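The residues making up each chain are set out below.
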Amino acid sequence: GDYFYIRPRSDGAWDAVIADVSGKGVSSALLASLLQGAFLLGSDAALPMSEMMGRINHFINIQTQGEKYATVLYCSLEPGGRLSWSNAGHPEGLVVSSDGTLAELETTGFPLGMLEDSEYAAKERMLRPGDKVVLYSDGLSEAQNEEGAFFGSPAIRKIVKQPAGATCAELQGRLLDAAEAFTGGAVLTDDITLVVIEYSPAL
């Protein structure tokens, strides 16, 4: 049920999407495919982010009659460091600065497809060179150990903050290793998707 993509745009910006489709099986896979096509077409059309999210929500709601939905965090990083995002009910992404300061990419609307006429605000913040964006699905925060305890977002924040200055691959590896150690080999009940992006402006 998880889906993500990262791709460059013709204007030099980069788009990233992470999504978690409700349910399992063929119908959820089909919805993930619909989302992929909708975001590719929407970003190519250069629509304002809030309008694009609203249109995709309307499209998914019509296709599924409100019976299925997807949490989605869509963001765009411009060459100058401007990060724009819209969060449709997805776990809040994190921006970590080189000094360990954290900021959240908070929710701006309901999951896509849940309500036909939902609106989706787009928010912005400026990144500095070396700042990282951490996007993950709830399969990471809700990974459970054999006692039924959740890995949890506080553990994710603690790992993201320390040590600052890790590469994207190192940070991703530390998060996944910590989740695996926490679960102690317990069977995972949900997919885990984790994306780490660093802002590194061209010289």
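Residues numbered from 1 in each chain as written. Predicted model: local features only at pLDDT ≥ 70, side-chain atom pairs only at ≥ 80, totals over all residues. Heavy atoms only, no water.

**What about the packing of aromatic side chains?**
Note on aromatic pairs: each is described by the distance of the centres and the angle between the planes.
Piece 1. Within this structure, the stated rule accounts for 3 aromatic pairs.
Piece 2. With 6.1 Å between their ring centres and 55° between their planes, Tyr3 and Tyr5 make a pair best called tilted. Each member of the pair, Tyr3 as well as Tyr5, carries the same accessibility label: buried.
Piece 3. The interplanar angle of 50° and the centroid separation of 5.3 Å between the aromatic rings of Phe39 and Tyr74 together place this pair among those described as tilted. Here Phe39 is found in helix H1 (residues 26-44), whereas its partner Tyr74 is found in strand S3 (residues 70-77), with 35 residues between them in sequence. We note that Phe39, like Tyr74, is buried. (Phe/Tyr/Trp six-rings, centres within 6.5 Å; stacked < 30°, edge-to-face > 60°. Buried < 20%, exposed > 50% of the residue type's maximum accessible area, 1.4 Å probe, protein only. Helix = DSSP H or I, 4+ residues; strand = E, 2+ residues; numbered from the N terminus.)

**Structural notes on the pattern of salt bridges**
Piece 1. Applying the stated rule across the entire model yields 9 salt bridges.
Piece 2. As a salt-bridge pair, Glu51 and Arg55 come within 2.7 Å of each other at their nearest N and O atoms. Taken together, the residues span about one helical turn, with Glu51 and Arg55 both in helix H2 (residues 49-64) at a distance of 4 residues.
Piece 3. The exposure class of Glu51 is partly exposed, given its relative accessible area of 34%.
Piece 4. The shortest N-O distance in the salt bridge between Lys132 and Glu198 comes to 3.7 Å. Of this pair, Lys132 sits in strand S8 (residues 132-136) while Glu198 sits in strand S9 (residues 194-198), and the two are 66 residues apart along the sequence. (Salt bridge = Lys/Arg side-chain N within 4 Å of Asp/Glu carboxyl O.)

**Notes on the packing of helix H4 (residues 153-161) against helix H5 (residues 168-183)**
Piece 1. Axis separation between H4 and H5 bottoms out at 10 Å; the angle between their running directions is 145°. The two elements H4 and H5 cross, and the hand of that crossing is right-handed. For the pair formed by H4 and H5, the contact residues are Ile156, Ile159 and Val160 on the first element and Leu171, Arg174, Leu175 and Ala178 on the second. (Axes fitted to C-alpha atoms, helices over the stretch in contact; angles between N-to-C directions. Left-handed = near helix turned anticlockwise from the far one by under 90°. Contact = heavy atoms within 4.5 Å.)

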